[in-house]
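# Breakdown of the fold
If you want the building blocks of each chain, they are given just below.
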Amino acid sequence: MNGVERWLVVAALAAAPAAWADLTVAGVKYEDAAELAGNKLALNGAGIRTKVIFKVYTAGLYLPKKAATADEVLAQPGAKRVSLTMLREVDADEFGAAFAKGIEENNDAATLARLATSIQRMNRIFAEHSKLAPGDTIAIDWVPGAGTQIRVKGAAQGDPIREPEFYTALLRIWLGPAPADRSLKEALLGKAA
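Residues numbered from 1 in each chain as written. Predicted model: local features only at pLDDT ≥ 70, side-chain atom pairs only at ≥ 80, totals over all residues. Heavy atoms only, no water.

As a further point, take the overall build of the protein. Tallying secondary structure elements over the protein gives seven helices and eleven strands in all. A burial count over the protein gives 42% of its 193 residues as buried. Per element, the accessible surface of the protein, about 9,900 Å² overall, is 56% carbon and sulfur. (Helix = DSSP H or I, 4+ residues; strand = E, 2+ residues; numbered from the N terminus. Buried < 20%, exposed > 50% of the residue type's maximum accessible area, 1.4 Å probe, protein only. Areas by Shrake-Rupley, 256 points an atom, 1.4 Å probe, with all protein chains shown as cover.)

Here you go:
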């Protein structure tokens, strides 16, 4: 490659939006990559959960490789992370109840019956926190062989929930047919910021 060709490649890369660039959403920075249990994950997308007119939290989705559809995300093997940062104060018990409702609205009755114990456990995790304040973080990680680990403000909340189906049910809160926020679903799929 001669000097002019190199210059054109550098100029084209500088002008193109970088797929590997960090993303800032409502003042919350999402790194372009994360490491989880020795696995490198890429930021698939990030956005804001809005309820009525209120910005509730930001969310970022990290996957082993980028995916453009909910089906691709749900079928993708390997470690995954959903990272949330609160934008307003929320009653933690109500927050957990909203997660449970999102699971109920996006999964069939047989799945809900199989996951009833795990859903109750998730509700207890949130019930142990009185409030979630602006800036508080929640990480929901899936590690094959270990399970779903929920971290609130960086602290692991008990032992992982082992069923792989539980993490898929959680992802459907944001990516299912009745997502918590349609614009957030699009953002997590990398279609909007």
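And the narrative resumes.
Attention shifts here to the nonpolar core. Counting residues in hydrophobic clusters, the biggest one holds 41 residues, and the most contacted among them are L84, F95, F99, M122, I140 and W174. Setting aside its immediate chain neighbours within four residues, M122 contacts G96, F99, A100, I103, I150, F166 and L170. In terms of nonpolar packing, the next biggest core, distinct from the first, is built from eleven residues, A34, L41, Y62 and V143 among them. (Core = buried A, V, L, I, M, F, W, Y, C linked by side-chain atoms within 4.5 Å. Contact = heavy atoms within 4.5 Å.)

Okay, the environment of I150 next. One can find I150 in strand β10 (residues 147–152). In this structure, I150 is in contact with M122, I125, I138, A139, I140, A155, A156 and Q157, ignoring residues within four places of it in sequence.

How two aromatic rings sit relative to each other is set out by the distance from centre to centre and by the angle between their planes. Summed over the entire model, instances satisfying the criterion amount to six aromatic pairs. Ring centres of F95 and F99 lie 4.9 Å apart, and the angle between their planes is 40°; this geometry places the pair in the tilted category. With F95 and F99 both in helix α3 (residues 92–106) and four residues apart, the pair spans about one turn of that helix. By relative accessible area, F99 is classed as buried at 3%. Between F99 and W174, the ring centres sit 5.5 Å apart and the planes meet at 90°, which makes this aromatic pair edge-to-face. One end of the pair, F99, is in helix α3; the other, W174, is in helix α6 (residues 164–175), and 75 residues separate them in sequence. (Phe/Tyr/Trp six-rings, centres within 6.5 Å; stacked < 30°, edge-to-face > 60°.)

Geometric values such as these leave the question of function open.
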